Amino acid sequence: MGDRVLSDEVEPLMSDATPAPSTSASALFSDRHIGPREHELAQMLQVVGQPSLQALIEAAMPPVIRADAALDLPEPISEAAALAELRALAGRNTLAVPMIGLGYHGTHTPGVILRNVLESPAWYTAYTPYQPEISQGRLEALLNFQTMVADLSGLPIANASLLDEATAAAEAMTLMRRGNRAKESSGPGAALLVDVDVLPQTKAVLATRANPLGLRIVEADLFAGEPGEAIENALIAAGADGVFGVVVQLPGASGVLRDLAPLAAAAHDRGALVCAAADLLSLTVITPPGECGADVVVGSSQRFGVPLGYGGPHAAFMAVRAGLERSMPGRLVGVSKDAAGAPAYRLALQTREQHIRREKATSNICTAQVLLAVMASMYAVYHGPAGLRAIATRVAGHADRLAEALRSGGVDVVHTAFFDTVLAGVPGRAGEVVAAASAAGVLLRRVDDDHVAVACDETTTGEHLAAVAKAFGVSAPAGASELSVTELPGSIPVALRRTSDYLTHPVFHAHHSETAMLRYLRRLADVDYALDRGMIPLGSCTMKLNATTEMEPVTWPEFAGLHPYAPAAHAAGTRELVAQLEAWLTEITGYDAVSIQPNAGSQGEFAGLLAIRGYHAARGDAERDVCLIPSSAHGTNAASAVMAGMRVVVVACDENGNVDLPDLRAKIAEHGPRLAAIMITYPSTHGVFEETVGELCAAVHDAGGQVYVDGANLNALVGLSQPGRFGADVSHLNLHKTFCIPHGGGGPGVGPVGVRAHLTPYLPGHPMDDAPARDVTGGPVSAAPFGSAGILTISWAYIRMMGAAGLSRATAVALLNANYIATRLREHYPVLYSGRDGLVAHECILDLRPLTKATGVTVDDVAKRLIDYGFHAPTMSFPVAGTLMVEPTESEDLAELDRFCDAMIAIRAEADRVARGDWPADDNPLHNAPHTAVSLTADWTHPYSRAEAVFPGGQDPARKYWPPVRRIDGAYGDRHLVCSCPPPEAYA
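Note on numbering: residues in each chain are counted from 1, in written sequence order. Given that this is a predicted model, residues contribute local features only at a pLDDT of at least 70 and side-chain atom pairs are listed and counted only at 80 or more, while totals for whole chains, interfaces and linings are drawn from all residues. Working from all heavy atoms in the structure, the side-chain values ignore hydrogens and water.

Engineer: Please provide a residue-by-residue account of the overall build of the protein, values included.
Structural biologist: For the purposes of this entry, the term helix denotes a DSSP run of H or I that reaches at least four residues, the term strand denotes a run of E that reaches at least two, and both are numbered from the N terminus. Across its full length, the protein carries 30 helices and 26 strands. Here the protein has a C-alpha radius of gyration of 28 Å; the compact-globule value for 988 residues is 30 Å, and the two agree. If you line up the protein on its principal axes, its C-alpha atoms span 85 × 70 × 60 Å. Relative accessibility decides the category of a residue: with a 1.4 Å probe and only protein chains considered, values under 20% of the type maximum give buried, values over 50% give exposed, and everything between is partly exposed. When the 988 residues of the protein are sorted by exposure, 66% land in the buried category. Here a residue-residue contact requires only that any non-hydrogen atoms of the pair lie within 4.5 Å. Considering only contacts within the protein whose residues lie at least 6 apart along the sequence, 76% involve residues at least 24 apart. Values of accessible area rely on a 1.4 Å probe in the Shrake-Rupley scheme; residue burial ignores everything except the protein chains shown. With the model as given, the accessible surface of the protein reaches about 31,300 Å², and the carbon-plus-sulfur share is 51%. Our radius of gyration is a C-alpha quantity, and the globule rule it is checked against amounts to 2.2 Å times the number of residues to the power 0.38.

Structure, rendered in structure tokens:
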């Protein structure tokens, strides 16, 4: 295994297929990824009471789950070698001018945003803003995003982003079903009407999401003739009893611009809600859907400075009319106030979070695309309303000039009203035209044998238009590169042009120079706490190192510049990378196949459950619809099961936190013929390796069910255990946890799904993939065939540089780090659950309820006081209220682990002082935490010193993190819901 892996203790994990790495110890990437040094490991093992890492593994992990051979992966290579291999893969991609459109467009990422957001660890290593006092920077950026979307869409409330446009439309479908209370349109026979000109990938994802819920979709040309008649004719032809919602695309997939208002009015007359999937840039120059009667507006912010990335990640958006905000999926940033009465940001309406609502959740979305939403919002801040309008005007002008050239050359231009996409009629010549353009380095869209679509964007030049014109056999447009940016072309009719103002808030007018923008981004980053400052010990969320080498290739043009619907041959390098990554993940998990398409863990859950559903249906067992879920499970499990058309039945946990086997057997007996699956997390959500997992799997299989293992805790298994080999049938993986894709403030995520052979045919397919790797029957769960392909280089590099030995060692050290913390803190805070020999897995739950009972100090007090000590709090009150779940990961060294333990011990001593009466219960360092710099300058009347407030436990003033606000009043923010940028006077 080599002298820096698990030493001689792990020889049983080796196999002849995995030779020991020959790389010297100093050159191993794993030596830099893993925090503790050899002498530190020895100290920690002594504290834990184990003689070696292998002994710890054997003591903590049940034999039934342990692998008996090492992973069959390529030998680890250095950072330089990994970058060289990635350069070779990138070189196999063909960069062309992307004029395909369909919701994906070329864009210029301003350098100041590229360097200082996308490439900045201050932004990409941040966690979801559950601790808002130390997340004010990213929350302000998200509030800018919400304001931008609300202004441009013409609706009052927008959320803080969704996964992609297609899934946003699917979320809108279920929102309209819930939000529609009109009797004539809410019956079981009511349908969703989808216009024929909606993006094809959106229609496909809508179908995937509608089927298990029993929702009926009717596709029709809703703009053919009088709108009311079009709706009625569509319903009659489909035999539908009514319509609960309507989905249209603005502009249409064909590029056409239409007036939404008459259709929206006709839909409302029939009790339906209206969703418009809109192009964000076009909304700077055309009438926003919210002004035309749309109830919901969805779309993608990709063309606001976010690279194509072969399909993602990109921040989708959703805006809703007043009255629907409390049904809106995803996260919503709101304005509240802190303990001093100053304005402060937080996530609003948090009762909608899926880990709280479980099977009553209306969506399984538990994350967002924060990093990309930040980029898009900063693009709007940097350009401002005038700059965005200028970009949109130039795009429209290029499209108009191209259409003029085509008409002059005798080519039929199908539509007279359009924004950026020209649909040309070329009877029988579409393939020829597309091929000629491709030969010139331009990618066009072949709609059918007789039509070609050409989409202009911010990167389009006169030279590009000339190449396109030549492909059609016509003369180049005259003067295309000198188009005025002040006048809209005639292809945007006056009646459809925007007249209302947008982006009027000062933030969109104050940062147009690079100097101002640079300082704004720095100011926001400085008030945030991210992994670049210190440990984020979040249980269940695995905040581990995101190495710079892993991150570097993300912005290489060969990867970042690919359109997701480019010909497969143009993406040969990326597709090979995907195939390799899927193969490695298959080996790591012990499954037979992996699909990389799901672009979040929630989507991976959904895809896995759909595979189970498809398997049962194919066997004639469609009545199997019961999904057993332990009471400790992640809340998204239950939400995903409901989305997949299953009924959730909760299985109890025993006093040790394990699945209660007698209750499980009783539930199986009760629902046997209807049992579809059980969803468990392993190690359990309580941070324990359950000894009875083999019995659990066998009991479910014997009853004809399938076993779903949530991959959230895979960081405790990689290299040591394979779910696909100890009884599981399907898992989703969180690449943003175990495989180093950074959380980015709450996204991007990637949630691949792995399955055993019998479920492989039911993995998600995609209608836009022109070279599928496998024959599958499942519908798409993401807008792009490979989901968030643009960040897969991160996980590829991690696995390639770690190798089998490094991955095994990382898992072992993750177990050691968690047990070290549990051991050091056990006498101060009870460890709620443990397994064999009192050991935990990769995380531990500290029970603060006895502390609260004895001292009155709450889990919130401890979490906020940790900020004064320079830490992000662990996961609060999940899975048990009044507890902290701690996961240090393998990336933290002994000094940081000890700093955290020392802080927790010092906080316990402070709580004891409160209990002794040294400090009043309502005026002590914990109750008043966190303390800001401003609070020190006010009149100091507290019974503790300023130094005790802000430099507790010997904090080093030189590395002090200063929170920008005091403790935030969340309830106030929900009672007074403000979800867009407040006026400047609010901060006076």
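Moving on, there is more to tell.
Engineer: Describe the sheet that holds strand E25 (residues 883-886), listing the residues and the values that go with them.
Structural biologist: Strand pairing requires that DSSP identify at least two bridges connecting the strands. Taken in spatial order, the three strands line up as E23-E25-E24 in an open sheet, and their pairing is antiparallel. The outermost strands of the open sheet, each flanked by one partner alone, are strand E23 (844-847) and strand E24 (875-876). With two bridges joining them, E24 and E25 adopt antiparallel strand pairing. When the sheet's bridge partners are listed, Met876 is paired in E25 with Leu884.

Engineer: Kindly report on the packing of helix H26 (residues 859-868) against helix H27 (residues 894-916), identifying the contributing residues and their values.
Structural biologist: The geometry of H26 relative to H27 is characterised by a closest axis approach of 10 Å and an angle of 125° between their N-to-C directions. Taken as axis vectors, H26 and H27 run oblique relative to one another. Crossing handedness for the pair H26 and H27: right-handed. Every residue of H27 that contacts H26 at Val862, Arg865 and Leu866 is listed here: Phe900, Ala903, Met904, Ile907 and Glu910. Residue composition of the contact of H26 with H27, by class: six nonpolar, no polar and two charged. Interaxial angles span 0 to 180 degrees and are taken between N-to-C directions of axes, which are lines fitted to C-alpha atoms, for helices over the stretch in contact. Geometric relationships in this document are graded by angle, where less than 35 degrees denotes roughly parallel, more than 145 denotes roughly antiparallel, 65 to 115 denotes roughly perpendicular, and other angles denote oblique. Put simply, a crossing is left-handed when the front helix is turned counterclockwise from the back one by less than a right angle, and right-handed when it is turned clockwise. When residue character is reported, Ala, Val, Leu, Ile, Met, Phe, Trp, Tyr, Cys and Pro are called nonpolar, Asp, Glu, Lys and Arg charged, and the others, Gly included, polar.

Engineer: Provide a residue-level description of the packing of aromatic side chains, including the pertinent values.
Structural biologist: Working definition: a ring pair exists when centres of Phe, Tyr or Trp rings (six-membered ring for Trp) sit within 6.5 Å. Plane angles under 30 degrees give stacked, over 60 give edge-to-face, the rest tilted. Applying the stated criterion to the full structure yields 14 aromatic pairs. With 5.8 Å between their ring centres and 20° between their planes, Tyr310 and Phe786 make a pair best called stacked. One end of the pair, Tyr310, is in the loop between strand E7 (296-300) and strand E8 (316-320); the other, Phe786, is in the loop between strand E22 (753-755) and helix H24 (792-825), with 476 residues separating them in the sequence. Take Tyr310 and Phe786: they sit in the same class, and that class is buried.

Engineer: Just give me the short version of the packing of helix H4 (residues 79-91) against H24, but keep the residues and values in it.
Structural biologist: H24 packs onto H4 with a crossing angle of 135° between their chain directions and a minimal axis gap of 10 Å. In terms of axis orientation, H4 runs oblique to H24. In terms of crossing hand, the pair formed by H4 and H24 is right-handed. Of the residues in H24, those in contact with Glu79, Ala82, Glu85, Leu86 and Leu89 of H4 are Thr793, Trp796, Ala797, Arg800 and Met801. Here the residues of the contact of H4 with H24 are counted per class, giving six nonpolar, one polar and three charged.

Engineer: I'd like a rundown of the nonpolar core, residues and numbers included.
Structural biologist: Put simply, buried Ala, Val, Leu, Ile, Met, Phe, Trp, Tyr and Cys residues joined by side-chain atoms within 4.5 Å make one nonpolar core. Core analysis: the largest hydrophobic core is formed by 262 residues, its most contacted members being Met148, Leu444 and Phe472. In terms of residue count, helix H13 (residues 370-408) provides more of this core than any other element does, 21 residues in total. Other than its neighbours up to four places away in sequence, Leu444 contacts Met99, Ile100, Val433, Val434, Ala437, Val452, Ala453, Val454, Val468 and Phe472. Counting 49 residues, the second-largest nonpolar core is a separate cluster that includes Ala172, Ala210, Ile365 and Cys979.

Engineer: Summarise empty space enclosed by the protein; cite the residues concerned and give the values.
Structural biologist: Here a cavity denotes grid points, spaced 1 Å and computed from the protein atoms alone, that fit a 1.4 Å probe unable to get out, and a pocket denotes an open set having protein on both sides within 12 Å along at least 5 of 7 lines; residues with an atom within 4 Å of a point are the lining. Grid points are joined across faces, edges and corners, and a volume is the space filled by probe spheres set on the points. Here the structure, examined in full by the defined rule, presents 15 cavities of 30 Å³ or more. Approximately 220 Å³ is the volume found for the largest cavity. In terms of lining residues, the largest cavity is bounded by 21 residues, among which Leu102, Gly103, His105, Gln249 and Asp279 are the most central. Among the residues making up the lining of the largest cavity, the classes are represented as seven nonpolar, nine polar and five charged. Taken as a whole, the second largest cavity encloses approximately 120 Å³ of empty space. Looking at the lining of the second largest cavity, the elements that each hand over two or more residues are helix H8 (165-179) and helix H9 (200-213). For the lining of the second largest cavity, a count of residues per class yields seven nonpolar, 10 polar and two charged.

Engineer: Explain the layout of surface pockets to me, and be specific about the residues and the numbers.
Structural biologist: If you add up the space inside the second largest pocket, you get close to 470 Å³. Lining the second largest pocket are 29 residues, and of these Asp338, Ala342, Pro343, Pro964 and Val965 sit closest to its centre. Those elements that place two or more of their residues in the lining of the second largest pocket are helix H7 (136-153), strand E10 (343-347), helix H16 (514-526) and helix H28 (933-937). Class assignment of the residues belonging to the lining of the second largest pocket gives a composition of 17 nonpolar, seven polar and five charged.

Engineer: Could you give an account of the pairing of strand E5 (residues 242-250), naming the residues involved and the relevant values?
Structural biologist: The element E5 is extensively covered by neighbouring structure, given that nine of its nine residues are classed as buried. When strand E3 (residues 190-195) meets E5, the two strands line up parallel, connected through five bridges. Bridge assignment links Leu192 to a residue of E5, and that residue is Gly245. Two elements, E5 and strand E6 (residues 273-278), share six bridges in a ladder whose sense is parallel. Paired with Leu250 across the strands is Ala278, a residue of E6.

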